[in-house]
Amino acid sequence: MAFLHISLASSLILSIQGFVLFPSSTYPLSPVSLLYPTHPFYNTRIIPQAPFLLQPATQPSFSTLTPGLKFSPTRPASANLTTNEALPLASTRLAARNLDLCFFLANDIFTSHVPCNPNWGDGTLDGVKQYINELTYEANRMVGENNLRFSWKGPYERHDPAAKNPSNPTQDVLSVAGYGCDAVVFLVFNKFSSDCKTQTSGHEFGGVSYGGMCEQKDGLGYTVVVDQGFLKDAWTGPQILAHHLLLMLTSDLPDQSKTCPAKESLLYPQLYPGKQRIDQCVVDKLNRSKVSLRDCMQN
């Protein structure tokens, strides 16, 4: 697939740096060695690869999309990328919290919508880092920067990079259990044509999450997110990520339903890209949850 390389406008870089914390100078902690084997700093694996056979005992939380949707690899040029809508403030207790996300990738990123974006598709690790940064930034905006600040680490290589979906997420989660991850995110992608124009029906499955924040030592505290690409002018990845992070932030609640009843809610079980937001139900759950008081979220 041919990759384009266009330099990002400085204003975009500044806006992202103002809201999302970039990794430290030791970044990345582990290489994406199979994705970029020619990079001089990414020729060996650092993450332990011994097999782990533990299976999560907790119940998963799934999200779905409307069957039959057609997704595009690019966003329409006329799309409005900004919004001035104020999101509800969950609580002052949450406002001081940083949410540290550790991202895992596999080979399906090569045939995804990522190479079709000139900001991401230059064939380098820096392009992938820019993609993750924008994904994290957009998800943070949906949850509300007044509620939490997202930062991220990685990207790390899945132990099964050739598999369509993570075959044993617990193995990878345990491998980064000491890396300061509040949540682990596995990114999965739709397969698009190399023409970067043809639509695909994609997955009806939006994502799944197991457990809550700070549970990586138990093989939990992770989500598998399918970045479907674009549905008209809506980028699906950030909304699916935001939905599952909210589920993990409220995983301790004894509520009969982990989701919210209004279709306009970001915690509604079926996802409507570009049409859902934080509502009072989400705010109430965040205020009642004690997940943000866990040790790993005290920074």
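Q: Would you mind showing me how to read the state of the cysteines here?
A: Counted under the stated rule, the structure contains four disulfides. Residue pairing for C102: its cysteine sulfur links by disulfide to C181, the two sulfurs lying 2.0 Å apart. On the sign convention where negative is left-handed, the bridge of C102 and C181, at about -85 degrees about the S-S bond, is left-handed. Of the two residues, C102 is situated in strand β2 (residues 98-105) and C181 in the loop between α4 (169-175) and β4 (183-189); the sequence distance between them amounts to 79 residues.

Q: Honestly, the sheet that holds β4 in this entry has me stumped. Any pointers?
A: Where strands meet in a sheet, backbone hydrogen bonds hold them as pairs that are either parallel or antiparallel. Spatial ordering of the open sheet is given by β3-β2-β4-β6-β5-β1-β9, a layout of seven strands whose pairing is mixed. Strands at the two margins of the open sheet, each flanked by one partner only, are β3 (149-157) and β9 (270-271). Of the pairings in the sheet, the one linking β2 to β4 comprises four bridges and is parallel in character. Bridging from a neighbouring strand, L101 pairs with A183 of β4. Packed onto the sheet, helix α5 (residues 236-249) meets β1 (61-65), β2, β3, β4, β5 (205-210), β6 (222-227) and β9 and runs at close to 160 degrees relative to β6.

Q: Got a minute to help me understand the pairing of β4 in this structure?
A: Working note: regular strand, side chains alternate between the two faces of the sheet. Where burial is concerned, most of β4 is hidden: seven out of the seven residues are buried. The alternating pattern of β4 places A183, V185, L187 and F189 on one face and V184, F186 and V188 on the opposite face, and all of these are buried. For β4 and β6, the ladder comprises six bridges, and the chain directions are parallel. Across the sheet, V188 pairs through a bridge with V226, a residue of β6.

Q: Looking at this model, I keep getting lost on helix α3 (residues 125-143). Mind explaining?
A: Spacing of three or four residues puts side chains on the same side of an α-helix, whose turn is 3.6 residues. Look at α3: 27 Å from first C-alpha to last across 19 residues, which is about the 27 Å you get at 1.5 Å a residue. For α3, the tally of buried residues reaches 15 of 19 residues, placing the bulk of the element in the interior. Once α3 ends, the next one or two residues include G144, with phi positive near 110 degrees.

Q: Help me out: how do you make sense of the pattern of salt bridges in this one?
A: Two side chains that carry opposite charge are able to pair once their charged atoms sit near each other. Counting across every chain of the model gives six salt bridges. Salt-bridge contacts for D126 lead to K129; the nearest nitrogen and oxygen are separated by 3.2 Å. Highlighted residues: D126 and K129, both in helix α3, separated by three residues, approximately one helical turn. The class of D126 is exposed, set by a relative accessible area of 51%. Using a relative accessible area of 23% as the deciding quantity, one classes K129 as partly exposed. Salt-bridge contacts for K285 lead to D255; the nearest nitrogen and oxygen are separated by 2.9 Å. With K285 in helix α6 (residues 280-288) and D255 in the loop between α5 and β9, the pair connects residues that are 30 residues apart, well separated along the chain. The network of salt bridges with shared partners includes D255, K285 and R288.

Rules used in this analysis
- Residues numbered from 1 in each chain as written.
- Predicted model: local features only at pLDDT ≥ 70, side-chain atom pairs only at ≥ 80, totals over all residues.
- Heavy atoms only, no water.
- Disulfide = S-S within 2.5 Å.
- Helix = DSSP H or I, 4+ residues; strand = E, 2+ residues; numbered from the N terminus.
- Pairing = 2+ DSSP bridges.
- Contact = heavy atoms within 4.5 Å.
- Axes fitted to C-alpha atoms, helices over the stretch in contact; angles between N-to-C directions.
- Buried < 20%, exposed > 50% of the residue type's maximum accessible area, 1.4 Å probe, protein only.
- Expected span 1.5 Å × (residues − 1).
- Salt bridge = Lys/Arg side-chain N within 4 Å of Asp/Glu carboxyl O.

These results come straight from atomic positions and should not be treated as a statement about function.
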